[in-house]
Structure formats: structure tokens, C-alpha cells
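# Structure at a glance
Okay, here's what each chain looks like letter by letter:
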Amino acid sequence: MQGIEEAPDLSPEALATLKTLQALRPRLHRLEPSRPLRDARQAAAFVKERRIVMSTGRAGLPLLTEAIAGRPLAGSWMAHPEVRRIYNILGRLAKYDVVTAPLILGKEAVMDASLGPAVDRIAGERGRRARVRGRLPLLARRLLDQIEAEGRVRMDHWGVATKRARPARLVLERELLVAASGIHTESGYHTAIVVPWRTSKFSQRFAKEAARLTFAEAQDTLLMAAVRSAVIAPEREVRRWFVFGAERIDILLAQGALERLTAAGRTWVT
């Protein structure tokens, strides 16, 4: 969020708003003052409060790893002195009514279950799926064809080396075309079982409610929830958050549901 303290091109009112949001963001992300999440119950409550966060990574949304640590983390959280506590809390979140999907910048987002129908509506949109399918890399399309034909593929039985197979699978997951779950093999290593999105546990849980939403409503629900969770975020980043693109951002800005703030040549959305 650097660069917004000095913004001579803003009106005094807009500058005051920008500074207020700048100060509010780390507090609501539980970073300043430090208020670390102590256990999975607190972490789940934080997810429900913000509605959508990221497990880890670099983005304008709150990061669970940083909220658990209670401060911004430089570098990988795996190098943090409390890595075991962070890992344990992340691993126990499944006991609470939160859901996950590779939704933001292709990385795992953790959400309140109320957002599940919107995610499933996006994943099931036929027009979007057709467009995505047409631009898939060859190996990813081959994997998708086999998953849809057979109903499930165990990746270590697919017959393609992991170095090539894993990127193909991740492309499909990030486009919400398939869902994967990890398993321990008989030999003690990890692999993934991949199924079509429509037969995933996620879709089976939310499909009925998702059918009541239009594609536009689902996009708006996720965009508004994510921007509110971030408090304020660079517009350039917001436009790359979701697989459905940025068209609805322009509509929400025109409607006044979202606001654009410009300072020192940069724009933010709130």
C-alpha cells in the first residue's frame, strides 16, 4: 500500500478517505496491533468475519498465515519460527464450516460457506468453461478429457511423469474445471485423485443454491466480498483476482457499488 500517503492530486476529502482505509486495513487483517490467531476456532471465526481470505501468498486480501503469526511475513511462512503452529491451525480448519477453492490468483482461498454457491455457479458456467477449454494446453486438455470420460483419475496412475502432469492438473484446478483431493499411496508418498468439478463434494453441496444465481450475480457476490475483505486493493491486482475476468468490476464501479481512488498515478478499489 505504499505511495498513498502523499497524493497531491487528491481532494482533501479523498485523501482523508485513503489514509483512513490505509490505517484500517492492517487492523482488520489482524496485523497492527498484533492480534495473532491462537487456534483453529479463532482462525475460522476470522474467516467468517472477513468472509474470504487467502491461506498464504501475496495479495491484497488478508492472509491466514500472517493473521496466525500476527504480523506481516517476509519470505515463506515455512521459515517462520512458529511454522508448526501455523501448519496445525491451517490443517484443523476443515473441522469448521469454511470451504476452500483455488479462487484468487489461482491460489487457495478460504471462505465462509455462504460464498460456496457463487463459486459453484462460476465453475459451472457453460460459456466460461467452453472458452477455457479452447485455450487449454494440450496436455491439460488431454487430462480433462480423461477425467470427464472416466469420472476420476488418480494422478500416479495416469502414465505421465509428475513433472509434466502436475502443471496440467493445476491449470484445470485453477480454472475450476476439476477438483482434486490428496491421498497417501501404498508406498507412503502423496498423489491426487481428480474428478470433474460437477461431481466434487464442493459442487454437490452447493449446486442447488448455485442454480438460483445468475452468472453476473455470482461474480458480483465474490467481487464485493473480496474487496470488502481486502478493505482497499490495487485495481490492477483486483482485475486479475478471478477466473471470470474484470468486466463486472467496471459495471460495479459505474453503479457506485465499488469506488476507485487514484493517487500518484496509481488506482485502488474499495
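These notes cover the structure that comes with them. Positions within a chain are numbered from 1, following the residues in the order the chain's sequence is written. Residue-level local features of this predicted model are given only where pLDDT is at least 70; pairs of side-chain atoms are given and counted only at 80 or more, and the full residue set underlies all totals for whole chains, interfaces and linings. To get the side-chain values, all heavy atoms of the structure are used, and hydrogens and water are removed first.

## Quick word on the pattern of salt bridges
A side-chain nitrogen of Lys or Arg and a carboxyl oxygen of Asp or Glu constitute a salt bridge if their distance falls within 4 Å. Under the defined criterion, the tally for this structure stands at 17 salt bridges. For the salt bridge of arginine 205 with aspartate 97, the shortest nitrogen-to-oxygen distance reads 2.6 Å. Pair noted here: arginine 205 is in helix α9 (residues 201-210) and aspartate 97 is in the loop between α4 (83-92) and β2 (98-104), with a separation of 108 residues, a long-range link. For every residue, the accessible area obtained with a 1.4 Å probe (protein chains only) is divided by the maximum for its type, and the residue is called buried under 20%, exposed over 50%, and partly exposed between those limits. The exposure class of arginine 205 is partly exposed, given its relative accessible area of 43%. A run of H or I in DSSP becomes a helix once it reaches four residues, and a run of E becomes a strand once it reaches two; helices and strands are each numbered from the N terminus.

## Examining the pairing of strand β9 (residues 266-269)
Judged from the two bridges that link them, strand β7 (residues 233-234) and β9 form a sheet pairing that is antiparallel. Pairing of proline 234 across the sheet is with tryptophan 268, part of β9. Pairing between two strands requires that DSSP report at least two bridges joining them. Summarising the sheet, strand β8 (residues 260-263) and β9 pair through four bridges and their orientation is antiparallel. Looking across to β9, one finds that threonine 262 is bridged to threonine 267. Connecting β8 to the antiparallel partner β9 that follows it, the hairpin turn spans two residues, and alanine 264 within it adopts a positive phi of roughly 50°.

## Concerning the packing of helix α5 (residues 116-124) against α9
When two helices pack together, their arrangement is given by the angle between the helix axes and the distance between those axes. Following both chains from N to C, one finds α5 and α9 inclined at 95°, their axes separated by 8 Å at the closest point. On the basis of the axis angle, α5 is roughly perpendicular to α9. Of the residues in α9, those touching α5 at Gly116, Pro117, Val119, Asp120 and Arg121 are Phe202, Ser203, Phe206, Ala207, Glu209 and Ala210. Just so you know the grouping, Ala, Val, Leu, Ile, Met, Phe, Trp, Tyr, Cys and Pro go in nonpolar, Asp, Glu, Lys and Arg go in charged, and all remaining residues, Gly too, go in polar. Residue composition of the contact of α5 with α9, grouped by class: six nonpolar, two polar and three charged. In this description, a line fitted to the C-alpha atoms serves as the axis of each element, helices being fitted only across the stretch in contact, and the angle between N-to-C directions of two axes falls anywhere from 0 to 180 degrees. When describing relative orientation, an angle under 35 degrees is termed roughly parallel and one over 145 degrees roughly antiparallel, while 65 to 115 degrees is termed roughly perpendicular and anything else oblique. Note on contacts: a residue pair is in contact if any heavy atoms of the two residues lie within 4.5 Å.

## Let's talk about the side chain of arginine 128
Of note, arginine 128 is situated in helix α6 (residues 126-134). Among the residues examined, arginine 128 registers a relative accessible area of 2% and is labelled buried. Once residues within four sequence positions are removed from consideration, arginine 128 is found in contact with Ile122, Ala123, Glu175, Leu176, Leu177, Phe215 and Val243.

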